Amino acid sequence: MTAQSPDEVQLSEFMASLPRKRMGAAALCRDQAGRLLLVEPVYTDTWMVPGGVVEAGESPHAACRREVAEELGLDRPAGRILSVDWVPSEPGRTEALVIFYDGGVLSDQEIAAITLPADELASFAFVPPGEVEPKVRPALARRIAASLAALDSGTVAALEDGRPVS
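Everything numeric here is computed off the predicted structure, so don't read it as measured data. Residue numbers here run from 1 along each chain, matching the order of that chain's written sequence. Totals for whole chains, interfaces and linings use every residue, but because this is a predicted model, local features are given only for residues with pLDDT of at least 70 and side-chain atom pairs only at 80 or more, for both listing and counting. Only heavy atoms go into the side-chain values, all of them from the structure, while hydrogens and water stay out.

(A) Representation of the overall build of the protein chain in the model. The numbering of helices and of strands both runs from the N terminus, where a helix is a DSSP run of H or I of at least 4 residues and a strand a run of E of at least 2. Looking only at helices and strands, the protein chain has 4 helices and 8 strands in total. Counting from the amino terminus, the protein chain carries its helices and strands in the arrangement α-β-β-β-α-β-β-α-β-α-β-β. The principal-axis extent of the C-alpha atoms belonging to the protein chain is close to 60 × 40 × 30 Å. Exposure categories follow from relative accessible area, calculated using a 1.4 Å probe and restricted to protein chains: below 20% of the type maximum is buried, above 50% is exposed, and the middle band is partly exposed. Counting every position in the protein chain, which comprises 166 residues, the buried fraction comes to 38%. Contacts: residue pairs with any heavy atoms within 4.5 Å of one another. Contacts spanning at least 24 positions in sequence make up 65% of the contacts within the protein chain whose residues lie at least 6 apart. Accessible area for the protein chain stands at about 9400 Å²; split by element, carbon and sulfur atoms hold 56% of it. Computed over 15 positive and 25 negative side-chain charges, the inter-centroid distance for the protein chain is 4 Å. To measure how exposed things are, a 1.4 Å probe is used in the Shrake-Rupley method; for residues, cover is taken only from the protein chains shown. Working convention for charge: Lys and Arg count positive, Asp and Glu count negative, and His plus the chain ends are omitted. Charge placement uses NZ in Lys and CZ in Arg. For Asp and Glu, CG and CD serve respectively.

Rendered as structure tokens:
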């Protein structure tokens, strides 16, 4: 093992001092009628969209595809980025960045092929956009609404806690 130079030690100490952020990636999937796919986790009373934590060394795009495969049993590439949301820290959780990708419109065959991991998800449902808010946490409702607007306008929404950055 070779000794580090003073510059390498200084860089290593600097890198270790930088803040840590969590990162999440999720897919906004729809059915042919334009309803949104929500999943019901077994560990909370609120619904979510398919997605999860970006693992160390994994790109957000790859994480989104992996999470959709793990949660729905579907191997679908993530589409374009719809929103990037900075989520502030709260007790027990560090701040995070959450990237929403266009999950596309699922075919009837894909919907019929959805398989959920029983230890993680209890069910799924396609919900009209106007009925999503009472099922999800407020920040997620805002993120979904901003992502849908970005989908319609062909833009990317820059968000802080689900609210557009002005």
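(B) View of the layout of surface pockets. What the largest pocket holds in volume is close to 900 Å³. As for the largest pocket, its lining consists of 35 residues, of which Arg22, Met48, Arg93, Val98 and Arg143 are closest to the centre. Listed by contribution, the elements that provide at least two residues to the lining of the largest pocket are strand S1 (22-30), strand S3 (51-53), helix H2 (60-72), strand S5 (96-105) and helix H4 (138-153). Ranked by residues supplied to the lining of the largest pocket, first place goes to S1 with 5 residues. Think of it as three bins: nonpolar holds Ala, Val, Leu, Ile, Met, Phe, Trp, Tyr, Cys and Pro, charged holds Asp, Glu, Lys and Arg, and polar takes everything else, Gly as well. Here the lining of the largest pocket is composed, by residue class, of 18 nonpolar, 7 polar and 10 charged. Any residue with an atom within 4 Å of a point lines the site, the site being either a cavity, points on a 1 Å grid over the protein atoms alone where a 1.4 Å probe fits but cannot get out, or a pocket, an open set with protein on both sides within 12 Å along at least 5 of 7 lines. Grid points are joined across faces, edges and corners, and a volume is the space filled by probe spheres set on the points.

(C) Spatial organisation of the pairing of S1. In terms of residue burial, S1 counts as a mostly covered element, since 7 of its 9 residues are buried. Between any two strands, at least two bridges found by DSSP are needed for them to pair. In terms of strand pairing, S1 meets S5 through 9 bridges, oriented parallel. Opposite Arg22, over in S5, you have Ala96 as the bridge partner.

(D) Representation of empty space enclosed by the protein within the structure. Taken as a whole and assessed by the stated rule, the structure comprises 1 cavity of 30 Å³ or more. Empty space within the largest cavity amounts to approximately 30 Å³. Lining the largest cavity are Ala27, Cys64, Val68, Arg76, Pro77, Ala78 and Gly103. A class-by-class count of the residues in the lining of the largest cavity yields 5 nonpolar, 1 polar and 1 charged.

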